[in-house]
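Coordinate analysis (summary)
One-letter residues, chain by chain:
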Amino acid sequence: MLTLLCALSLAQGPTATAHVVTTSPVIDGRLNDPAWRDVPPITGFIQRELHEGTPITERTEVRIITDGQALYVGAWLYDTDPSGIVRGEKVRDGDISKSDYFGILLDTYHDRQNGFVFTTTPAAIEYDAQVVNEGEGGGIQLPGQTRASAGSLGGFNLNWDGTWTVATSVDSAGWYAEFRIPFTTLRYAAGEQQTWGLNLVRSIRRKNEESFWSFVPRQFSLMKISHAGTLAGVHVPTRRVLTATPYALTGVERNFAVDPEAKSRGDVGGEIKYGVTPSLTLDLTYNTDFAQVEVDEQRTNLTRFPLFFPEKRPFFLENAGIFSAGTPQAVDLFFTRRIGIDTMGQPVPIVGGGRVTGRVGAVTVGALQIFTARATTQGAMSYSVLRLQHELAARSRIGVIAIQRTATAQSGDWNRVTGVDGRIGIHDAWTIDWWGAASATPGRDRDASAYSARLAYQTGSWNTLARFIQVGRDFDPEVGFLNRPDGYRFYESTVMWIKRYPGSTLVKEWHPHVGYRGYYGLDGFRQEDRIHLDITEWSLPSGAMIGPEVNIEHQGLQQPFAIARNVTLPVGSYEYASLGFDFGTNPSAPFALLLRADVGGFYNGSRRGGSVTLSARRGSSVSASLLTEYNDVRLDQGNFTRVVIAPRVAYFFTPRIMFQTLVQYSNQVDAWTANARFGWLSTAGTGLFVVFNEGQEAEGFFRWNRPQSRSLIVKYTRQFGRSG
């Protein structure tokens, strides 16, 4: 039966119609406007979880209408136990997995690969995202990440913020959601009458139940756009988007190492967005500022290679998936954190630039040009990127990318990377990703090429992959991310079996798996490898999980490794094994625990430690968490500990008014930092922001030695024009 459902959904899927109305509804979440009255409901939701292929357990009705300027979606989410509705936090783009939610997927080009997601919870949050290549970026999973976040890198852009509105209400019969999505927020092909891809999802958190209008098998998610249904009768306007988003900023700041006293700061700048065509958008930016962006999270690094920190700056996050090429978190051919941030992690002034993204016929286009000013550690730079992708049938595509960095004040300082990549989709289960690239830098004329191939197989019972990457000795994507220099070959394979227990109230599924990763020098030297054995990982119906594991590792050092300030490992080969343990309680409960423990060998000694995150929330307004990470490392050359402490507290007055704090201490960098942010949001993430940052040199969470930096910034940004 499930195979038949899957085949039918992929072949055609259900069809809905956007009914035209002359009077638009008031967005108040009550759904009592006359515009909704005579519209036939969309029903027939089918579970993905917990009981795949069976009908949803609670009555669900959705209606879609349009007035020619926007798409309106009304959802009647009835519930026989309204006291069990989990409202979740009132934070934009928050973790919806911890609450009830209702979401919409719009495949506006109807290419069955790319789309927009709009989701809300009973707390009326705005959760929106862009989906590229069905959300599958093929990234490499790093320690501490979930498989979902690693696999979607480059394909799911949660930090995109569109202009739309939503309201909800709750009563004794359930909860209700009312959306208004302006057509100017979306991008679509030419023509006043459109046919789009559509899917709808409802989650009932207390039952751990997720259901779709157009059936999606359990191994996939809403991002599986090839399984979406059809939305007919979409009448779009001919006018183009034109918005201006200026900002004004004032504040005081001080770098204690160089500033004898605090300096005042005042800036103005902003962005302009213009719809060149309904499917092609031009973004211009001047004096780009990111003062309101949350700081990076402190992390312990016990490796000899750089850590990967994700992009958080809004301008670079919009349409980021278009520019993704390579293997995210391993060999990113283009990585926007190389623009406007120097090698010390300090901001570099961005003078301005522009970006063009969208479609020209069947080709997805992305072009970026940014100029930065001179800074302490680097001169003024010009960054240019061109990306073209052609979507093919059956989840397949082919693309090219070109990236250039050039110093604007001197000749001979430049770096270029060119690449070609593609994907071949074979039915639902098989995916082949490949890419090849070459770099050019003055004075480096050895092997400057790199290439990769990845084969993935995913069904309801199996999740496996095999991957190979080769990086040449002189391959250097300076405007990208390379996880280790000087060339290597990387081999990876994983086999996971997924066993479901649909009749059990204690266990949801068991997913034993084994994996191998190996890094080898181009001369064949065995740099590093790891065998991962996890045959007892369990997921519970509540969302809790438990999983002990065994890891067998090898490290080959060709030069001494200063792993700590007074501890240096000598050249040699190191073999060791360790036990790992993951445990997490129900993340939607008022109190939750997430534990990671590692005990066993480490190089020529041992490591004991891990991390514990305690989370608490009260209703939809208050949430807090405390992360404590501790590692006790004992080696023949000496002993040391690594500690990270990070409490976080947030209060949400409404979904758009919030106060958040994050305090962090790391003894690896001897730093204590605090970030406090107040936000009063308006359209598309604009509004009033008050941000305070404090940095202290410290030898303990409560033991500060001397101040390093301090700033208080007030920023106001507003959107004007035809945004919907």
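Quick caveat: nothing in here was measured; it's all calculated off a predicted structure. (Residues numbered from 1 in each chain as written. Predicted model: local features only at pLDDT ≥ 70, side-chain atom pairs only at ≥ 80, totals over all residues. Heavy atoms only, no water.)

The helix and strand inventory of the chain stands at three helices and 47 strands. Considered along the principal axes of its C-alpha atoms, the chain spans approximately 75 × 60 × 50 Å. Considering the chain as a whole, with its 724 residues, one finds that 54% of them fall into the buried category. Put simply, of all contacts in the chain between residues at least 6 apart along the chain, 59% involve residues at least 24 apart. Of the roughly 30600 Å² that the chain leaves accessible, carbon and sulfur atoms contribute 58%. Where the 70 positive side-chain charges of the chain centre and where its 70 negative ones centre are 1 Å apart. (Helix = DSSP H or I, 4+ residues; strand = E, 2+ residues; numbered from the N terminus. Buried < 20%, exposed > 50% of the residue type's maximum accessible area, 1.4 Å probe, protein only. Contact = heavy atoms within 4.5 Å. Areas by Shrake-Rupley, 256 points an atom, 1.4 Å probe, with all protein chains shown as cover. Lys, Arg positive; Asp, Glu negative; His and termini not counted. Charge placed at Lys NZ, Arg CZ, Asp CG, Glu CD.)

Quick look at the pattern of salt bridges now. Per the counting criterion, the structure on display carries 53 salt bridges. With its nearest N and O atoms 3.0 Å apart, the salt bridge here joins Glu61 to Arg59. When salt bridges that share partners are traced, they join Glu58, Asp79, Asp81, Arg206 and Lys207 into one network. (Salt bridge = Lys/Arg side-chain N within 4 Å of Asp/Glu carboxyl O.)

Considering the arrangement of structural elements, one finds Ser449 in strand 26 (residues 449-458). Relative accessible area serves as the criterion here: at 29%, Ser449 is assigned to the partly exposed category. Taking C-alpha positions, Ser449 is 45 Å from Tyr716, a pair spaced 267 residues apart along the chain. Aside from chain neighbours lying at most four places away, what touches Ser449 is Ala437, Ala438, Gln470, Val471, Gly472 and Phe475. Polar contacts involving the side chain of Ser449 include one to the side chain of Asp447, which spans 2.8 Å. (Polar contact = N/O pair within 3.5 Å; in protein donor to acceptor, adjacent residues only side chain to side chain.)

Moving on to the packing of aromatic side chains. Each aromatic ring pair is summarised here by two numbers: the centre-to-centre distance and the angle between the ring planes. For the structure shown, the criterion picks out 34 aromatic pairs. Aromatic side chains Trp497 and Trp510 sit 5.7 Å apart centroid to centroid with 75° between the ring planes, which places their arrangement in the edge-to-face category. Of this pair, Trp497 sits in strand 29 (residues 488-497) while Trp510 sits in strand 31 (residues 509-510), placing them 13 residues apart in sequence. Overall, Trp497 belongs to the partly exposed group, its relative accessible area being 31%. Three or more aromatic residues joined by ring pairs form one cluster here, namely Phe102, Phe116, Phe118, Trp160, Trp164 and Phe179. Cation over ring: Arg299 sits above Phe309, and NZ or CZ is 5.2 Å from the ring centre. (Phe/Tyr/Trp six-rings, centres within 6.5 Å; stacked < 30°, edge-to-face > 60°. Lys NZ or Arg CZ within 6 Å of the ring centre and 35° of its normal.)

Strand order in the open sheet made by the three strands is 18-19-28, with antiparallel pairing throughout. Pairing within the sheet leaves two strands with one partner each, and these edge strands are strand 18 (326-327) and strand 28 (481-482). Pairing between strand 18 and strand 19 (residues 331-332): two bridges, direction antiparallel. Residue pairing across strands places Thr327 opposite Val331, the latter belonging to strand 19. (Pairing = 2+ DSSP bridges.)

Tracing the backbone through its elements, the reader meets Asn301 in the loop between strand 17 (280-288) and helix 3 (314-317). A distance of 3.0 Å separates a polar side-chain atom of Asn301 from the backbone oxygen of Phe305.

Next up on the list: the sheet that holds strand 5 (residues 70-78). Across the sheet, which stays open at both edges, the five strands sit in the order 2-4-5-11-10 with mixed pairing between neighbours. Strands with a single pairing partner mark the edges of an open sheet, and in this sheet they are strand 2 (19-20) and strand 10 (165-171). Pairing of strand 2 with strand 4 (residues 60-66) involves two bridges; the strand directions are parallel. Across the sheet, the residue bridging to His19 is Ile65, located in strand 4.

Time to look at the pairing of strand 44 (residues 671-681). In terms of burial, strand 44 is largely enclosed, as eight of its 11 residues are buried. Here strand 43 (residues 657-666) runs beside strand 44; their pairing, made up of 10 bridges, is antiparallel. Paired with Tyr665 across the two strands is Trp672, which belongs to strand 44. With 11 bridges joining them, strand 44 and strand 45 (residues 687-700) adopt antiparallel strand pairing. By the bridge assignment, Leu681 is partnered in strand 45 with Gly687. Where strand 44 folds back onto strand 45 in an antiparallel hairpin, the turn is made up of five residues, including Ala684, whose phi is positive at roughly 50°.

For the peptide bond that leads from Glu49 to Leu50, omega is -5°, which places it in the cis range. You can see Leu50 is positioned in the loop between strand 3 (46-49) and strand 4. Phi is positive for Arg112, which is not a glycine, with a value near 65°. As for its placement among the helices and strands, Arg112 is situated in the loop between strand 6 (101-107) and strand 7 (115-120).

Looking at where Gln130 falls in the secondary structure, it is placed in strand 8 (residues 127-131). Residues Gln130 and Leu158, 28 residues apart in the sequence, show an inter-C-alpha distance of 6.7 Å. In terms of polar contacts, Gln130 uses its side chain to reach the side chain of Asn319, at 2.7 Å.

Bringing the pairing of strand 23 (residues 396-407) into the picture now. Judged from the 12 bridges that link them, strand 22 (residues 381-392) and strand 23 form a sheet pairing that is antiparallel. Counterpart to Tyr383 in the pairing with strand 23 is Arg405. Between the antiparallel neighbours strand 22 and strand 23 lie three residues, among them Ala394 with a positive phi of about 60°. Pairing of strand 23 with strand 24 (residues 414-426) involves 10 bridges; the strand directions are antiparallel. In the sheet register, Arg405 faces strand 24, and the bridge partner there is Asn415.

A separate point is the confidence of the model for the chain. Taken over all residues, the pLDDT of the chain has a mean of 91, while the share at 70 or more is 96%. Long-range and interchain partners of residues 1-11, a stretch whose pLDDT sits below 50, account for 20 contacts in this model, where long-range means more than four residues apart. This model gives residues 146-152 a pLDDT under 50, and the stretch forms 17 contacts once residues within four places in sequence are excluded. (pLDDT = per-residue confidence, 0-100.)

Quick look at a nonpolar patch on the surface now. Together, Leu386, Leu388, Leu392, Ile398, Val400, Val420, Ile424, Ile426, Trp430, Trp434 and Leu455 make up an exposed nonpolar region whose accessible area comes to about 840 Å². Secondary structure elements with two or more residues in the nonpolar patch: strand 22, strand 23, strand 24 and strand 25 (430-440). (Patch = residues over 30% accessible without salt bridge, like charges linked within 9 Å, V, L, I, M, F, W, Y side chains within 5 Å.)

The subject of this paragraph is the environment of Ala380. Considering the arrangement of structural elements, one finds Ala380 in the loop between strand 21 (363-372) and strand 22. Taking the relative accessible area as the measure of exposure, Ala380 reaches 19% and is therefore buried. Those residues in contact with Ala380 that lie beyond four places of it in its chain are Thr372, Ala373, Arg374, Thr406, Ala407, Thr408 and Ala409.

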